Amino acid sequence: MKGRMNMREIKNSYYFSHDCNARTDEKILKLRAKFGWEGYGIFWAIIETLAETTDGYFDSDDEAIGGLSLSIGVAKNKLKEILDYLIKIKLLSTNNSQFFSVRLLEHIELRKSFVIAGRKGA
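Residues numbered from 1 in each chain as written. Predicted model: local features only at pLDDT ≥ 70, side-chain atom pairs only at ≥ 80, totals over all residues. Heavy atoms only, no water.

Asker: Can you tell me about the nonpolar core, naming the residues and giving the values?
Answerer: Ranked by size, the top nonpolar core spans 30 residues in total, and within it Leu31, Ile46 and Phe99 carry the most contacts. Looking at this core, the elements with two or more residues in it are α2 (26-52), α3 (62-72), α4 (76-88), β3 (98-100) and α5 (102-121). (Core = buried A, V, L, I, M, F, W, Y, C linked by side-chain atoms within 4.5 Å. Buried < 20%, exposed > 50% of the residue type's maximum accessible area, 1.4 Å probe, protein only. Helix = DSSP H or I, 4+ residues; strand = E, 2+ residues; numbered from the N terminus.)

Asker: An account of the environment of Lys27 is needed here, citing residue identities and associated values.
Answerer: Counting through the fold element by element, Lys27 comes out in helix α2. For Lys27, a relative accessible area of 32% gives the class partly exposed. Sequence spacing of Lys27 and Ile89 is 62 residues, and the spatial spacing of their C-alpha atoms is 6.4 Å.

Asker: Pulling in residues and values, what's your account of the sheet that holds strand β2 (residues 93-94)?
Answerer: Through backbone hydrogen bonds, the strands of a sheet pair up, either in parallel or in antiparallel fashion. Within the open sheet, the 3 strands sit side by side as β1-β3-β2. Their pairing is antiparallel. Looking at strand neighbours, the two that pair on one side only are β1 (57-59) and β2, the edges of this open sheet. Sheet analysis places β1 next to β3, joined by 3 bridges and oriented antiparallel. By the bridge assignment for β3, Tyr57 is matched with Phe100. (Pairing = 2+ DSSP bridges.)

Asker: Outline the side chain of Thr49, supporting the account with residue identities and numerical values.
Answerer: Note on placement: Thr49 falls in helix α2. On the basis of relative accessibility, which here comes to 14%, the residue Thr49 falls in the buried class. Discounting residues that sit within four places of it in the chain, Thr49 has contacts with Phe58, Leu68 and Ile72. (Contact = heavy atoms within 4.5 Å.)

Asker: Describe the pattern of salt bridges, naming the residues involved and giving the relevant values.
Answerer: What the rule picks out here adds up to 3 salt bridges. A salt bridge links Asp62 to Lys80; the shortest N-O distance between them is 2.5 Å. Taken together, the residues Asp62 in helix α3 and Lys80 in helix α4 connect sequence positions 18 residues apart. Beyond isolated ion pairs, a larger network of salt bridges with shared partners links Asp62, Lys76 and Lys80. (Salt bridge = Lys/Arg side-chain N within 4 Å of Asp/Glu carboxyl O.)

Next comes the structure, spelled out in structure tokens:
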């Protein structure tokens, strides 16, 4: 049935917390003031994309950004502008060749520790 995940997709789908008051976070308010709710939605689409990667990082080269713009349905120039702003206000970080979310990386590491502890407990 369309719209439902199969078992393989469920197994590879990861949960990450989304604070119920994220929309009023100081950095998010800056984002919304500049790009409106569209910027907010694009930010969360970027976070979801980062969560789907194997390591929480996404290449920041022109080709990768072009693919991301197609994936989330936003013009490449606008996406670049938003990404630059997200880095400027520290909602995202960069190592010059990739961008990432420190908070998401912390969540990924925490999840890994739970998986390891669960395996030891089993």
